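# Coordinate analysis (summary)
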Amino acid sequence: ASGLPWGPAALRWLKRCRRPSGAAPAGGERAAGEAPRRRWCSAVSEGGTKWIKPTGQDAGIQVYNSLSRSKEPLVLGHADVVTWYSCGPTVYDHAHLGHACSYVKFDIIRRIITKIFGKEVVMVMGITDIDDKIIKRANEMNISPVALARFYEEDFKRDMEALKVLPPTIYMRVTENIPQVIAFIQQLVASGHAYATSRGNVYFDIRSWEGRYGKLRQIYIDEEEEMAVDSDKHHMKDFALWKAASPQEMCWDSPWGKGRPGWHIECSTISSLVFGQHLDIHTGGIDLAFPHHENEITQCEAYHQCQQWGNYFLHSGHLHVKGSVKMSKSLKNYVTIKDFLKKSSPNQFRMFCLRSGYRSGKKNPYDEKLGGPVHDLLLRCMLCIFMSEAELKGFSILRFWREMTDFLGW
């Protein structure tokens, strides 16, 4: 359909893969007493923490893969469609340029894949609309977490539109998929990869995944670590799948009592609902690689019983400011997208992002005075494009100048 951010081939594929509302995520159920069936997804050979080159269609593109720590040919599970999961925002405040840098850089990569290589991208973005930060901020503002999350979700979408970032094929909120999250956790408990505690928490049992944990970062499970005195975990590196509710906190009923999902399980469930046991590309900032993406991989491969769930992980570098310090809210050195766009254009920011590789941050630090150099570079590029078009169309110098100044708003 005209105006949709995906084409007919991707739409047909997506219709085949979508599951009915309320259904358990991909993977199915086993009869009582039946041994788990190993699924091999799209990868071949042995697993462990080593990257396995997938089988399928070579897209003719080389990408740096965080799983192999090197450039690899992009091999797709479906010839004309790229399946892509993007970690979306935790919606509790305005987005800043550090967030924007990641989304703009991946938008550039997405456009290259679609416009130059002719592939259709089915992109799912998860919206974390329930979280400790959301609950804390909502309490401070004396409003409901739902109202706060909806406000900042729309605020984020408007910021992305202002920056000319293409929307994903589907936005999916965590709070609209709680039954699926619970079903996902139940499967992990049933298969022996997770356990519930007397307090109503559920954790992933990291020892059940020994030898497989640490695909993005080397992890020593047996390393001695001091357990917190009040912890109900079996092992320090176990991570939460379901959190028991605190008093006056937004929560849902579950087999383990009232509570809400852990952060990592949200993305695993949402991506599995749409893409099942195979995913081509997963993207996010480098700060998400561990523990978030590592735990996503662990949950999905344990759930789907496969050797390799996500084939390519792409991570963008931090946006740094002068002094090689990353831009972050905790350091109070951030610039909101709205404040930036009061003085500069979205094209200037895109040109700023293009001045360095998407994995780089320190080589291209943000400076409030960047407007001048970036504007000059953008102007030179536009002059080159306009002059080329003018020559091809046989425009006079006067007409060329008029059209260029109209475009630039002079």
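Note: the structure precedes this text.
Below you will find a few notes about this structure.

## Side note on the overall build of the chain
Of the regular secondary structure elements, the chain holds 11 helices and 13 strands. Looking at the chain as a whole, 52% of its 410 residues are labelled buried. For the chain, contacts bridging at least 24 residues in sequence account for 73% of all contacts bridging at least 6. Total accessible area computed for the chain in this model is approximately 19900 Å², and 53% of it derives from carbon and sulfur atoms.

## Regarding the pairing of strand β8 (residues 239-244)
Sheet topology note: the strand β7 (residues 202-204)/β8 ladder contains three bridges and is antiparallel. Across the sheet, F204 pairs through a bridge with F239, a residue of β8. Across three bridges, the pairing between β8 and strand β9 (residues 259-261) is antiparallel. Note on β9: the bridge partner recorded for A244 is G259.

## Concerning the pattern of salt bridges
Applying the stated criterion across every chain yields a total of 20 salt bridges. One salt bridge in this structure joins R260 and D132, with 2.2 Å as the shortest N-O distance. Taken together, the residues span a long stretch of sequence, with R260 in strand β9 and D132 in helix α3 (residues 132-141) at a distance of 128 residues. Each of E153, E154, K157, R173 and E176 takes part in a single network of salt bridges with overlapping partners.

## What to know about a nonpolar patch on the surface
Nonpolar side chains collect at one region of the surface, where I112, I116 and F117 lie side by side and expose about 270 Å² of accessible area between them. With respect to the secondary-structure elements, I112 resides in helix α2 (residues 97-116).

## Quick word on the sheet that holds strand β11 (residues 310-316)
Pairing between the strands of a sheet comes from backbone hydrogen bonds, and it takes one of two forms, parallel or antiparallel. As summarised here, the arrangement of the five strands in space is β5-β4-β3-β10-β11, forming an open sheet in which the pairing is parallel. With partners counted over all chains shown, the strands left at the sheet margins are β5 (170-173) and β11, one partner each. Neighbour to neighbour, the strand axes of the sheet diverge by 25° on average, direction disregarded. Summarising the sheet, strand β4 (residues 120-128) and β5 pair through four bridges and their orientation is parallel. Looking at β5, one finds that V124 is bridged to I170. Across the sheet, helix α4 (residues 145-162) is in contact with β3 (81-90), β4 and β5; its angle to β5 comes to roughly 160°.

## Observations concerning the pairing of β4
Among the nine residues of β4, nine are classified as buried, and the element is accordingly described as predominantly covered. On β4, burial covers both faces: E120, V122, V124, G126 and T128 on one face and V121, M123, M125 and I127 on the other are all buried. By the bridge criterion, eight bridges tie β3 to β4 in an arrangement that is parallel. Residue pairing in the sheet places T90 in a bridge with T128 of β4. Each parallel crossover has a hand, and the one from β3 via α2 to β4 is right-handed.

About the cut-offs
- Residues numbered from 1 in each chain as written.
- Predicted model: local features only at pLDDT ≥ 70, side-chain atom pairs only at ≥ 80, totals over all residues.
- Heavy atoms only, no water.
- Helix = DSSP H or I, 4+ residues; strand = E, 2+ residues; numbered from the N terminus.
- Buried < 20%, exposed > 50% of the residue type's maximum accessible area, 1.4 Å probe, protein only.
- Contact = heavy atoms within 4.5 Å.
- Areas by Shrake-Rupley, 256 points an atom, 1.4 Å probe, with all protein chains shown as cover.
- Pairing = 2+ DSSP bridges.
- Salt bridge = Lys/Arg side-chain N within 4 Å of Asp/Glu carboxyl O.
- Patch = residues over 30% accessible without salt bridge, like charges linked within 9 Å, V, L, I, M, F, W, Y side chains within 5 Å.
- Axes fitted to C-alpha atoms, helices over the stretch in contact; angles between N-to-C directions.
- Right-handed = clockwise from strand over helix to strand, strands pointing away.

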